[in-house]
Amino acid sequence: MNKTRGVGVSGRSRGRRFATVLTAAALTVACSDAAHEEDRPAPADRAESAAIEWGPCPEAARGVARDSELTCATVEVPLNYDEPDGTSIEVAISRLAAADPAKRHGALLLNPGGPALSGLDMPAAMAPTLPKSVLDGYDLIGFDPRGVGHSTPQSCGLEVAGVPGHFPYPAADGSIDANVRLARTEAQKCAATAGEDLRYFTTANTARDLDRIREALGEKKISYWGRSYGTYLGAVYSSLYPEQTDRMILEGNVDPTEVWSGEAQGWGKSMAERFPDAAAVAAAQNGALGLGDTVDEVTRTYLALADRLDRKPAPVPGTQQSMNGAILRTVTYALLLDNKTLPILAQVWKAAANLADGHLTAADGEVLEQVFAESPPTPGVPADNQATMFLALTCGDAEWPRDVAGYATRSATDRKAWPLTAGMPANIWPCAFWTAPIEKPVTVTDTGPGDILILQNRRDHATPWDSGQGLREVLGDRAAFVGVDNGGHYVYNEGSACADGATVHFLNTGQLPDEDVFCTDVEQD
């Protein structure tokens, strides 16, 4: 999943702060994938094929500052790659040009993950973290994946517009009956509202779009940096187009053999591994917070509070909102993504406890105001766009189990094993009622050049260590692995000179580490 811009988690908010990764059982690649590629144009020389007209970018959401050097364009791609001359859609892309054309190496495409996060502003977000050698050497290319943001945005007309509102936490007693009803209703609504075309908004087709972007850029090869869900997109691209990849960085990784329900079911274990980092921060402030003076005490306090709010949500004074157990868990998930937000998370826990006790302080009110703040709308983008595309990708990439009783059993088992996530990761999603995918998942393999650097934190609860190890095993000699003894979802620019050095060296030279690396240089507070 992905870094948050704020704390807000209104069930009806746009929810862009809480993009996450799920996953389901991976199948073998459809035989038609190879046939699809045969009909596509061969790579062109850069001078002959560059046809993009760069201009102003679409209007940003209110309050979002956009780099004045960022330019944008669109690339036309087929809706259905089996019918390349049929319906077409537009994919929006952006560029920060290489600072020194004489030193330019190529194009570095960037994807922030999600699934279904907009990437148009990612070049500007990444540029301040990169050294001059990288900024001189690469055009930084952002893009909104098909169906997302300004790339022919899709909408199911979902009442709950934010992704977090779709996390299927069971009822206080563990029942999933309400989850089943909502999952069935939302699947039916997407089928009726977005229609048949939504089936073509998949990761495999997004990867094919990337190659159309490569052609439009006039590049024989492209480099790529994908985070979270973007690691799966990158792995799929590198398998469909191994000879068109140059230097690929995958950070915070999805196991391509567990897409998507299997990946989701790893969240319970990974939350148990990450949560103590935040509990330790709260314990160190026990005099002010009163949540416990050890990790175990804070954990027991948190679990009791979540259960209490499940059974009796606490109304927030002056609003029509209430804090319940699901919101508390979702905010916790989001603020665990970054070490810098752990002190804020401890304040959220204290504010929620005071709210439940009925004696909210002014400081608590300010914290909860951020929790329930809604994201400003992006002009031209439907309110439920991210939630719609989150479902389209996670449900449309691979088949999910369809046995409702099985979800009830698995959720109950998961709830006992991993109380921090309360059975949610194994619970039912709309994918159980979704139309069958148009193709099987692309098989990610070790076939191709050794041009992939994997970055993975040891205590990443969104894309767990086990997932990073799974991707490493699948890619074999194509990849090198840099693990970091750190918590959170992101590796680069998060305190490890060891990991940052390996990343920049790879971008500058194309040379992977001779062997896998485990970095232990992050200072733990």
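Above this text you will find the structure in question.
1. Focus: the packing of aromatic side chains
Move 1: Following the criterion strictly, the structure yields 15 aromatic pairs and no others.
Move 2: Ring centres of W225 and Y492 lie 5.1 Å apart, and the angle between their planes is 75°; on these two criteria the pair is classed as edge-to-face. With W225 in strand β5 (residues 222–227) and Y492 in the loop between β10 (479–487) and α18 (497–509), the pair connects residues that are 267 residues apart, well separated along the chain.
Move 3: According to the relative accessible area criterion, W225 is buried, its value standing at 0%.
Move 4: Between W267 and Y333 the ring centres are 5.7 Å apart and the planes differ by 50°, which places this aromatic pair in the tilted class.

2. Structural notes on empty space enclosed by the protein
In this approach the atoms are scanned with a rolling probe the size of a water molecule, which exposes any empty space left behind.
Move 1: One pass over the structure, following the stated rule, counts six cavities of 30 Å³ or more.
Move 2: By volume, the largest cavity is sized at about 80 Å³.
Move 3: Contributing to the lining of the largest cavity are T202, T203, A204, Y232, V236, G396, D397, E439, K440, P441 and V442.
Move 4: Of all the elements in the fold, those that place two or more residues in the lining of the largest cavity are α6 (203–217) and α7 (229–240).
Move 5: The class makeup of the residues in the lining of the largest cavity is five nonpolar, three polar and three charged.
Move 6: Taken as a whole, the second largest cavity spans an internal volume of roughly 60 Å³.
Move 7: Lining of the second largest cavity is provided by Y169, W267, M271, Y302, R329, Y333, L420, T421 and M424.
Move 8: Looking at the lining of the second largest cavity, the elements that each hand over two or more residues are α9 (267–284) and α12 (325–335).

3. Some details on the environment of A235
Move 1: Relative to the assigned elements, A235 resides in helix α7.
Move 2: C-alpha separation for the pair A235 and A207, spaced 28 residues apart in sequence, amounts to 9.1 Å.

4. Considerations on helix α15 (residues 385–396)
Move 1: Here α15 spans 16 Å end to end across twelve residues, near enough to the 16 Å set by a 1.5 Å rise per residue.
Move 2: Most of α15 sits out of view: twelve of its twelve residues are buried.
Move 3: For α15, the set of buried residues is N385, Q386, A387, T388, M389, F390, L391, A392, L393, T394, C395 and G396.
Move 4: Elements in contact with the buried residues of α15: α5 (177–193), α6 and α7.

5. Observations regarding the layout of surface pockets
Move 1: In this model, the second largest pocket occupies a volume close to 790 Å³.
Move 2: In terms of lining, the second largest pocket is formed by 33 residues, of which the most central are G165, F167, L182, N324 and A326.
Move 3: When residues of the lining of the second largest pocket are traced back to their parent elements, those giving at least two are α5 and α12.
Move 4: Tallying contributions element by element places α5 first for the lining of the second largest pocket, with seven residues.
Move 5: Its residues assigned to classes, the lining of the second largest pocket comprises 19 nonpolar, nine polar and five charged.

6. Quick notes on the side chain of R247
Move 1: Assignment of secondary structure puts R247 in strand β6 (residues 245–251).
Move 2: R247 sits in the buried class, given a relative accessible area of 10%.
Move 3: The contact partners of R247, leaving out residues within four places of it in the chain, are H105, Y138, I222, S223, Y224, D451, F506, L507, N508, T509 and G510.

7. Focus: the state of the cysteines
Move 1: Inspection of the entire model under this criterion finds four disulfides.
Move 2: For C156, the disulfide goes to C190, at an S-S distance of 2.0 Å. In this structure, the disulfide formed by C156 and C190 twists by about 110° around the S-S bond and is classed as right-handed. Taken together, the residues C156 in the loop between β4 (138–143) and α5 and C190 in helix α5 connect sequence positions 34 residues apart. We note that C156, like C190, is buried.
Move 3: Between C498 and C519 runs a disulfide, and the two sulfur atoms are separated by 2.0 Å. Looking along the S-S bond of the C498-C519 disulfide, the torsion reads about -60°, which is the left-handed sense.

8. Examining the sheet that holds β4
Move 1: Across the sheet, which stays open at both edges, the nine strands sit in the order β1-β2-β4-β3-β5-β6-β9-β10-β11 with mixed pairing between neighbours. Edge positions in the sheet fall to β1 (71–78) and β11 (517–519), since each of these pairs with one other strand and no more. The average undirected angle you get between the axes of adjacent strands in this sheet is 20°.
Move 2: Across four bridges, strand β2 (residues 88–96) lies against β4 in antiparallel orientation. Looking at β4, one finds that L96 is bridged to L140.

Rules and cut-offs
- Residues numbered from 1 in each chain as written.
- Predicted model: local features only at pLDDT ≥ 70, side-chain atom pairs only at ≥ 80, totals over all residues.
- Heavy atoms only, no water.
- Phe/Tyr/Trp six-rings, centres within 6.5 Å; stacked < 30°, edge-to-face > 60°.
- Helix = DSSP H or I, 4+ residues; strand = E, 2+ residues; numbered from the N terminus.
- Buried < 20%, exposed > 50% of the residue type's maximum accessible area, 1.4 Å probe, protein only.
- 1 Å grid on protein atoms, 1.4 Å probe; cavity = no way out; pocket = protein on both sides within 12 Å on 5 of 7 lines; lining within 4 Å.
- Points joined across faces, edges and corners; volume = space filled by probe spheres on them.
- Nonpolar A, V, L, I, M, F, W, Y, C, P; charged D, E, K, R; others polar.
- Expected span 1.5 Å × (residues − 1).
- Contact = heavy atoms within 4.5 Å.
- Disulfide = S-S within 2.5 Å.
- Pairing = 2+ DSSP bridges.
- Axes fitted to C-alpha atoms, helices over the stretch in contact; angles between N-to-C directions.

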